[in-house]
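Spelled out, the chains give:
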Amino acid sequence: MSDKSKDPDKPASEKTSKEPVPARHFIQEIIDEDQKSGKFGGRVHTRFPPEPNGYLHIGHAKSICLNFGLAAEYGGKCNLRFDDTNPVKEDIEYINSIMEDVRWLGFQWDGLYYASDYFEQLYQWAEQLIQAGKAYVCDLTPEQVAEYRGDLKGGKESPYRNRSIEENLDLFRRMKAGEFPDGSRTLRAKIDMNSPNFNLRDPVMYRILHAEHPHVGNKWCIYPMYDWAHGQSDSIEGITHSICTLEFENHRPLYDWFLDALGIYHPQQIEFARLNLTYTVLSKRRLIELVTEGHVNGWDDPRMPTIAGIRRRGYTPEAIRQFCKEIGVAKFNSVIDIGRLENCVRDDLNRRAPRVLGVLRPLKVIIDNYPEGQVEEFTAVNNPEDASAGTRKVPFSRVLYIEQEDFRENPPKDYFRLAPGREVRLRYAYFIKCVGVTKDDKTGDVIELHCTYDPATRGGNAPDNRKVKATIHWVSAAHALKAEVRLYDYLFTKPDPDDVPEGQDYKANLNPQSLVTLTDCRLEPSLAMAKPGDRFQFERLGYFCVDPDSKPGAPVFNRTVTLRDTWAKIESARKMQERSP
């Protein structure tokens, strides 16, 4: 039996009596009661049942964490089952990606199953319902079926509803044998055409579809509908708690009806609120549109909310699990601010990501009084949050690169970085003062700074205790590694992508600046050995991950998430104020 005060993420030795008891969400409370009553013999057996017709996204991650997490909490089991009932939309690519995503999130299934493994049993049960007078073969077209379902006042019975059991069995067997063309007939459950729940108005159980299936080949030409396969698959696997998102709440009476009509083992279906995020679409249909119409560069584009995309962007499985834990499990739909997800990523990477120096938009700095040809090395801390990460050596020379944003020829109020006549600290190195500016003759842009350094400030402190108000980062020009850096932002410009004028759709809110590619970035030389998937904090800039597009001598980095930038907030507020009347 579960201990209600148990926190699986904290060793018992660290708990104190002063700590509050973690709140139990409603599904845990249901299972707690089931454990007390002995329902299901004390077992807890869940499943994660994706359809292999696309890549998993962050919403699926919530379901994965919930199903596998509950099984682990109660000492139970969790299956991975592919609900592969529609061969036209399914692909082995999706099956492989789903398994990779579940493993990457840190989970391992107790059993790997396919709904198609149960097609023969499902077919036998369908015949059982026909013989019981609870299912019939219908010749109505899909449009006619929709029309006959009617409105809130009720529906109309199919003219084929009262065929004899013998005729229905004969037609169903001929459907299975491949005698009829696609879409010409269906098998429907005989329930109640006047039910207030439209799902009970004689739902379709089977349709004819002559298509090769990625798992069972050409063995079948009739395929079960999801509602027919779902509950019976749960029953076959001995699932105790069938956890679904809220859109299946109105399907639960049908789930129960099928199981009761067959008289087989009956799991309990429980619905919870799906994940909705600001600046994001999670509809599989829309994600497919974004990919097929070329708005993104594939399912693993780092702007996509797919697990493959956020993995490529540099998110960690630990951050995703923490996010799912923090947002909790509820009965009512809501929209979560994407900032909460980003904060979980920052918190996790802050603990684990090594710090490095990198300049995204280089501005050359020449230190006039530094000896030509001299090279020094400074000791840099790899991670101030982790003493065991140690230190590294960073080369320093007469010519450096700094960020263009770290210099202003005419600095505004509250800007304390480098400016003419102003002194700043170079991270780990010296104080420098700007004494000259070189500009492009045609554009007037600043292209080079001349500075002096104070040798007495080596390591970043002045013997006379004078203070500077800013510390900026840099790289040695002679030693810098040239790199491409991809700056990713939200894929949509509005928190609600559906907030569009009449006549437009969500794609009107696509963000044209969601990807900015910088090709002349300069990084410290230690990053030459970085491998795809390695994550770093570029000091003062954000967290970055090595992209698989990297090649020897030509690394590519993806920005995972920004740091909280105080000056950027000040400048943004000033611009907003200037636009105000």
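Coordinates for the structure precede this section.
As the structure is a prediction and not an experimental result, all values here were calculated from the model. (Residues numbered from 1 in each chain as written. Predicted model: local features only at pLDDT ≥ 70, side-chain atom pairs only at ≥ 80, totals over all residues. Heavy atoms only, no water.)

(A) View of the overall build of the protein. Within the protein one finds 13 helices and 25 strands. Principal-axis analysis of the C-alpha atoms places the extent of the protein at approximately 100 × 60 × 50 Å. Residues classed as buried in the protein amount to 50% of the 581 residues present. Of all intrachain contacts in the protein linking residues separated by at least 6 positions in sequence, the fraction that spans at least 24 positions is 70%. Per element, the accessible surface of the protein, about 27,200 Å² overall, is 48% carbon and sulfur. (Helix = DSSP H or I, 4+ residues; strand = E, 2+ residues; numbered from the N terminus. Buried < 20%, exposed > 50% of the residue type's maximum accessible area, 1.4 Å probe, protein only. Contact = heavy atoms within 4.5 Å. Areas by Shrake-Rupley, 256 points an atom, 1.4 Å probe, with all protein chains shown as cover.)

(B) Quick look at the pairing of strand S3 (residues 111-114). The pairing of strand S2 (residues 77-82) with S3 spans 4 bridges and is parallel. Each residue of the ladder has a partner; that of Phe82, found in S3, is Tyr114. After leaving S2, the chain enters helix H3 (residues 92-104) and then returns to the sheet as S3, a path that is right-handed. (Pairing = 2+ DSSP bridges. Right-handed = clockwise from strand over helix to strand, strands pointing away.)

(C) Region of the structure containing the packing of helix H4 (residues 119-131) against helix H6 (residues 165-177). The geometry of H4 relative to H6 is characterised by a closest axis approach of 9 Å and an angle of 160° between their N-to-C directions. On the basis of their axis angle, the class for H4 and H6 is roughly antiparallel. Along this stretch, H4 crosses H6, giving a crossing that reads as right-handed. Facing Tyr123, Ala126, Glu127, Ile130 and Gln131 of H4, the residues of H6 in contact are Ile165, Asn168, Leu169, Phe172, Arg173 and Lys176. Per-class residue counts for the contact of H4 with H6 are 6 nonpolar, 2 polar and 3 charged. (Axes fitted to C-alpha atoms, helices over the stretch in contact; angles between N-to-C directions. Parallel < 35°, antiparallel > 145°, perpendicular 65-115°, else oblique. Left-handed = near helix turned anticlockwise from the far one by under 90°. Nonpolar A, V, L, I, M, F, W, Y, C, P; charged D, E, K, R; others polar.)

(D) Just the side chain of Asp84, in detail. Topologically, Asp84 is positioned in the loop between S2 and H3. With no salt bridge to any partner, buried Asp84 finds its closest opposite charge in Arg81, at an N-O distance of 8.3 Å. Setting aside its immediate chain neighbours within four residues, Asp84 contacts Pro52, Glu90, Tyr114, Ala115, Ser116, Phe119, His213 and His215. (Lys, Arg positive; Asp, Glu negative; His and termini not counted. Salt bridge = Lys/Arg side-chain N within 4 Å of Asp/Glu carboxyl O.)

(E) Structural context of H6. Counted at 1.5 Å a residue, the expected span for H6 with its 13 residues is 18 Å, and the 18 Å between its end C-alpha atoms agrees. Every buried residue of H6 is accounted for by Asn168, Leu169, Leu171, Phe172 and Met175. Buried-residue contacts for H6 involve H4, strand S4 (135-138), strand S5 (186-189), strand S6 (204-208) and strand S7 (222-224). (Expected span 1.5 Å × (residues − 1).)

(F) Region of interest: the packing of aromatic side chains. All told, the structure shown has 26 aromatic pairs when counted by the stated rule. Between Tyr430 and Tyr453, the aromatic rings sit 4.8 Å apart at their centres with planes inclined by 70°, giving edge-to-face as the arrangement. Here Tyr430 is found in the loop between strand S16 (423-426) and strand S17 (431-439), whereas its partner Tyr453 is found in strand S18 (residues 446-453), with 23 residues between them in sequence. Accessibility assignment for this pair places Tyr430 and Tyr453 in one class, buried. Plain terms: the ring middles of Phe538 and Phe544 are 4.2 Å apart, the flat faces sit at 15° to each other, and that makes the pair stacked. Each member of the pair, Phe538 together with Phe544, is buried. Aromatic rings pair up to connect Phe119, Tyr123, Phe172, Tyr206, Trp220 and Tyr223 into one cluster. A cation over a ring is seen here: Lys176 above Tyr123, with NZ or CZ 5.2 Å from the ring centre. (Phe/Tyr/Trp six-rings, centres within 6.5 Å; stacked < 30°, edge-to-face > 60°. Lys NZ or Arg CZ within 6 Å of the ring centre and 35° of its normal.)

(G) Just the sheet that holds strand S11 (residues 358-359), in detail. The strand order S10-S23-S24-S25-S21-S22-S11 describes an open sheet built from 7 strands, whose pairing is mixed. Of all strands in the sheet, those bounded by a partner on one side alone are strand S10 (355-356) and S11. Relative to strand S25 (residues 556-562), strand S21 (residues 481-488) is paired through 3 bridges, and the arrangement is parallel. Looking at S25, one finds that Arg486 is bridged to Asn558.

(H) Focus on the nonpolar core. The biggest cluster of nonpolar side chains holds 39 residues, and the ones touching the most others in it are Ile58, Ile64, Phe68, Val102, Leu105, Ile320 and Phe323. Elements with a minimum of two residues in this core: helix H2 (58-73), S2, H3, helix H10 (307-313), helix H11 (317-327) and helix H12 (338-352). Element by element, the count of residues in this core is highest for H2, at 6 residues. In this structure Ile320 touches Ile58, Ala61, Trp104, Leu105, Ile310, Tyr315 and Leu341, once residues within four positions along its chain are discounted. Counting residues in each nonpolar core, the second largest holds 32 residues, with Leu122, Met175, Ala229 and Ala261 among its members. (Core = buried A, V, L, I, M, F, W, Y, C linked by side-chain atoms within 4.5 Å.)

(I) Focus on the sheet that holds S16. Taken in spatial order, the 7 strands of this open sheet run S19-S16-S17-S18-S12-S15-S20, and their pairing is mixed. In this open sheet, the two edge strands, each paired with only one partner strand, are strand S19 (471-472) and strand S20 (475-476). Strand direction decides the pairing type here: S16 and S19, joined by 2 bridges, are parallel. Bridged to Leu426 within S19 is Ile472.

(J) Representation of the environment of Gln322 within the structure. By the element assignment, Gln322 lies in helix H11. Assessed through its relative accessible area of 35%, Gln322 is described here as partly exposed. The sequence separation of Gln322 and Asp348 amounts to 26 residues, and the corresponding C-alpha distance is 9.0 Å.

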